[in-house]
Amino acid sequence: MLVGSRMSHPVITITPETTLEDAHFLMEKEHIRRLPIVNKDGNLVGIITESDLLKASPSKATLLDKWEINTLMNTLPVERIMTKDVITIIEDMPLEEAARIMADKKISGLPVVSGEKVIGMLTETDIFKVFLEVMGARQPGIRVTFKLINKPGQLAKISRAVCDIGGDIIAMGTFSGESSGEGEMMMKVSGVELEALKNALKPYIVELEDAREMKIV
């Protein structure tokens, strides 16, 4: 799965001359928390976020009166406070790589570029939606989490055991275990009973950590 298949587009952008007030109004109107900033040629030159605007707004302790505050917000251009060194990604980047960058850099959204042109935005919400799909969160079924031995062919045996009792694997995820010899796995299965699934998995796993029926309401 690549960034291009999950990014939000078209992208709402502003120019460096846009005032803080107009940027804030646009964010509220469009229900977004960041705006890429492009020059007259449409090239990315910066980005501004909701938190940037909050930091730039005068505090309640300011000596400015409300008219002076309004004047400040209505005249100060975003180029005065925008982030110029923007971290960007490209549309054919694997989605997990983009998610790693966001997590490591503590960034909630990244512009997707082609050359210097902004063609999309990837946000935490986009990543969360993919997580829900990968984990089968919107589908009913039996959800099991268990430890297994990290060795070749183990996943194939588990999949075959589920198939042999008539189960359909909706979602599957593997995670690093506490030791290099073990891993943790989450599986969501439909078409089987809980006890039947637990019995089918028992010969192939180290420990059953959790097993429950998930109903979607």
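Throughout what follows, the structure given in this document is the object of discussion. (Residues numbered from 1 in each chain as written. Predicted model: local features only at pLDDT ≥ 70, side-chain atom pairs only at ≥ 80, totals over all residues. Heavy atoms only, no water.)

Observations regarding the overall build of the protein
Helix and strand counts for the protein come out as 7 helices and 8 strands. Expected size for 217 residues packed as a compact globule is a radius of gyration near 17 Å; at 24 Å, the protein overshoots this value by more than 25%. Across the 217 residues that make up the protein, the buried fraction comes to 34%. Intrachain contacts of the protein at a sequence separation of at least 6 include 64% that bridge at least 24 residues. Accessible surface for the protein amounts to roughly 13,200 Å². Of this, 52% is attributable to carbon and sulfur atoms. Taken together, the 26 basic and 32 acidic charged side chains of the protein have centroids lying 3 Å from each other. (Helix = DSSP H or I, 4+ residues; strand = E, 2+ residues; numbered from the N terminus. Rg over C-alpha atoms; globule rule 2.2 N^0.38 Å. Buried < 20%, exposed > 50% of the residue type's maximum accessible area, 1.4 Å probe, protein only. Contact = heavy atoms within 4.5 Å. Areas by Shrake-Rupley, 256 points an atom, 1.4 Å probe, with all protein chains shown as cover. Lys, Arg positive; Asp, Glu negative; His and termini not counted. Charge placed at Lys NZ, Arg CZ, Asp CG, Glu CD.)

Considering the pattern of salt bridges
Pairing between side chains of opposite charge can happen when their charged atoms approach one another. What the rule picks out here adds up to 9 salt bridges. Among the ionic pairs, glutamate 97 bridges to arginine 100, the shortest N-O distance being 2.7 Å. Placement of the pair is glutamate 97 and arginine 100 together in helix 4 (residues 95-105), with a separation of 3 residues, close to one helical turn. Residue glutamate 97 is classed as partly exposed on the basis of its relative accessible area of 30%. One network of salt bridges, in which partners are shared, links Glu97, Arg100 and Asp104. (Salt bridge = Lys/Arg side-chain N within 4 Å of Asp/Glu carboxyl O.)

Quick look at the packing of helix 4 against helix 5 (residues 124-134)
Here helix 4 crosses helix 5 at 130°, and the two axes come no closer than 11 Å. Put simply, helix 4 runs oblique to helix 5. By crossing handedness, the relation of helix 4 to helix 5 is classed as left-handed. Contacts between helix 4 and helix 5 involve Leu95, Ala99 and Met102 on the former and, on the latter, Glu124, Ile127 and Val130. In the contact of helix 4 with helix 5, the residues fall into 5 nonpolar, no polar and 1 charged. (Axes fitted to C-alpha atoms, helices over the stretch in contact; angles between N-to-C directions. Parallel < 35°, antiparallel > 145°, perpendicular 65-115°, else oblique. Left-handed = near helix turned anticlockwise from the far one by under 90°. Nonpolar A, V, L, I, M, F, W, Y, C, P; charged D, E, K, R; others polar.)

Considering helix 1 (residues 20-30)
By the burial criterion, the buried members of helix 1 are Leu20, Ala23, Leu26 and Met27. Buried residues of helix 1, viewed axially, fall in a sector of 125°; they line one side. Exposed residues on helix 1 whose side chains face more than 90 degrees from its buried face are Phe25, Glu28 and Lys29. Following helix 1 by one or two positions, histidine 31 adopts a phi angle in the positive range, close to 60°. (Arc of directions from axis to C-beta.)

It is worth stressing that arrangement in space is one thing and function is another; only the former is reported here.
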